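Each chain, written out:
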Amino acid sequence: MPNEKIATLVIGGGQAGLVMSHRLKQRGLSHLVLERQRIAERWRSERWEGLQFQFPNWSVRLPDFPFPHSDPDKFASAADIVKFIEAYAAFVSPPIRCGVEVTRLAQRDGASGFIAETADGTIEADNVVIATGPYQRTLVPDLLRELPVFQVHASRYRNPEQLPPGAVLVAGAGASGAQIAEELQRAGRRVYLSVGRHRRMPRRYRSRDFIWWLAAMRIDHITPEERGPARLGPVISGAYGGRTIDFRNFAADGMTLLGHIEAAHDGVIEIAPGLAESLADGDLAYVTFLDIVDEYVKRRGLELPDEPGARTTIPDPPCVTAPLQRLDLSAEGISAVIWATGYGVDFGWIDIPVTDAKGEAVHRNGITDVPGLYFLGLQWLSKLNSSFLSGVGDDAAVLADHIRAHR
Ligand SMILES: Cc1cc2nc3c(=O)[nH]c(=O)nc-3n(C[C@H](O)[C@H](O)[C@H](O)COP(=O)(O)OP(=O)(O)OC[C@H]3O[C@@H](n4cnc5c(N)ncnc54)[C@H](O)[C@@H]3O)c2cc1C
């Protein structure tokens, strides 16, 4: 039997859950937030220590709460972001219970509304906002069990000392893989980096940061309908002051670039051809972005300096012109593999038909077909910046207005 009733239940105490609470409070709507661990848990236990935020300090904000900083152009650490979200929680002062996990969410029998099961009992709610994050489940290829070395997903990687001595293979060269590979190389490790298709972007161009350009050109407001099929996130980094990533520079410093990992057996990895094509693809994304900016500057008559040097190309290093086709881990002294292979969602605990065949949430701008059930904080919820710190506030306001209108 349900033992507690609430108007709106928010599940998840990350940035999205806290922002939702702020928006509900602003409208005088009663609610409760449940967080299974601690506020901002993922920034505490699922990010490595040396992570630098990809967004410059000036652009980091939560609703009515800017990020405190001493240099607008620097990049925050994971610890800075935890402090910021904690400070935001103190500002919002949400009705929150930490250490309470919702293990099952179902609809009320024969009535509208929901029942959330937790170890402490059940909670009945008229509305539920699911804010459990865009990155809930690690994606690791099945190859894992075939490799007789230390292995860790990027979400559980902490620092270079965590790994046994020796060379390291980083599988995946998105924003996480690129930053981790560079960190390991700077820590004196020999690094092999498996690079697949990617979209690398300039850190700065024509004296403005990439994030500034996204906002100026309203690219951060592109909707899922306008986006088309492209899904790859941009490879940008705030590490070491924030620099444009060209994997050829990593190779010039001694890193070995590899193609996509295809198979693994007996400690040997088979590598697919196509590394040069992946780099060329990344270059195309980069140059296309520069072209879009140049066109925008011209159209708007902006007085921002030309930057022809940004188009300088670096020749392909030997590991690209004559790529490895197989890698014998023990012969190369590789003692660890880091899987920077991405994340998925996990809505298996939601016993309501609101997911598709792939397990992804079905909604429009966070509003589902089930009255009173909402999602917040997912990638591309309503626009590109829906899952960014700076973008969740607008989506939360839309959901709070919807809840108020349907009371
Ligand atoms: C490596 C990496 C780097 C990133 N860098 C940036 C960046 O530079 N800039 C940026 O804007 N974004 C960045 N992001 C994205 C950012 O981390 C996420 O957008 C952000 O964490 C999402 O916040 P959220 O509140 O939606 O979800 P989360 O932070 O995932 O919070 C969800 C919360 O829900 C809780 N929870 C889950 N299931 C339950 C349950 N059943 N019951 C109760 N509680 C539950 C979890 O414990 C968690 O605390 C990065 C992400 C990664 C992985």
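Below, the structure is looked at part by part.

## A word on the site of the ligand
Neighbouring the ligand are 34 residues; E35, R42, R47, Q54 and S387 lie closest to it. Residue R42 places a side-chain N or O atom 2.4 Å away from an oxygen atom belonging to the ligand. Within the complex, 96% of the 990 Å² of free accessible area of the ligand lies under protein. For the shell around the ligand, the elements supplying multiple residues, two or more each, are α1 (15-26), β2 (31-35), α2 (41-45) and β3 (52-56).

## Quick word on the pairing of strand β8 (residues 102-107)
Across five bridges, β8 lies against strand β9 (residues 114-118) in antiparallel orientation. Directly across from L105, in β9, lies its bridge partner A116. Linking β8 to β9, which pair antiparallel, is a turn of six residues; within it G110 sits at a positive phi near 65 degrees.

## Side note on the packing of aromatic side chains
One pass over the structure, following the stated rule, counts 14 aromatic pairs. When the ring of F65 is compared with that of F84, the centres are 5.7 Å apart and the planes differ by 20 degrees; the resulting orientation is stacked. Of this pair, F65 sits in strand β5 (residues 65-66) while F84 sits in helix α3 (residues 78-92), and the two are 19 residues apart along the sequence. By relative accessible area, F65 is classed as buried at 18%.

## Looking at the nonpolar core
Ranked by internal contacts, the top residues of the largest apolar core, which has 112 residues, are M20, L105, L193, F247 and L257. In this view, L193 contacts V170, G172, A173, G177, A181, F247, F250, M255, T256, L257 and L258; residues no more than four positions away in its chain are not counted. One finds L143, A264, I334 and W339 within the second-largest nonpolar core, a separate group that totals 16 residues.

## Re the pairing of strand β20 (residues 261-265)
For a regular strand, side-chain orientation follows a simple rule: the groups alternate between the two sheet faces. Pairing geometry for β20 and strand β21 (residues 268-271), over four bridges, is antiparallel. Within β21, the residue paired with H265 across the bridge is V268. The turn linking β20 back onto β21 is made up of two residues, and D266 within it adopts a positive phi angle of 50 degrees.

Cut-off values and rules
- Residues numbered from 1 in each chain as written.
- Predicted model: local features only at pLDDT ≥ 70, side-chain atom pairs only at ≥ 80, totals over all residues.
- Heavy atoms only, no water.
- Near = heavy atom within 4 Å.
- Polar contact = N/O pair within 3.5 Å; in protein donor to acceptor, adjacent residues only side chain to side chain.
- Areas by Shrake-Rupley, 256 points an atom, 1.4 Å probe, with all protein chains shown as cover.
- Helix = DSSP H or I, 4+ residues; strand = E, 2+ residues; numbered from the N terminus.
- Pairing = 2+ DSSP bridges.
- Phe/Tyr/Trp six-rings, centres within 6.5 Å; stacked < 30°, edge-to-face > 60°.
- Buried < 20%, exposed > 50% of the residue type's maximum accessible area, 1.4 Å probe, protein only.
- Core = buried A, V, L, I, M, F, W, Y, C linked by side-chain atoms within 4.5 Å.
- Contact = heavy atoms within 4.5 Å.

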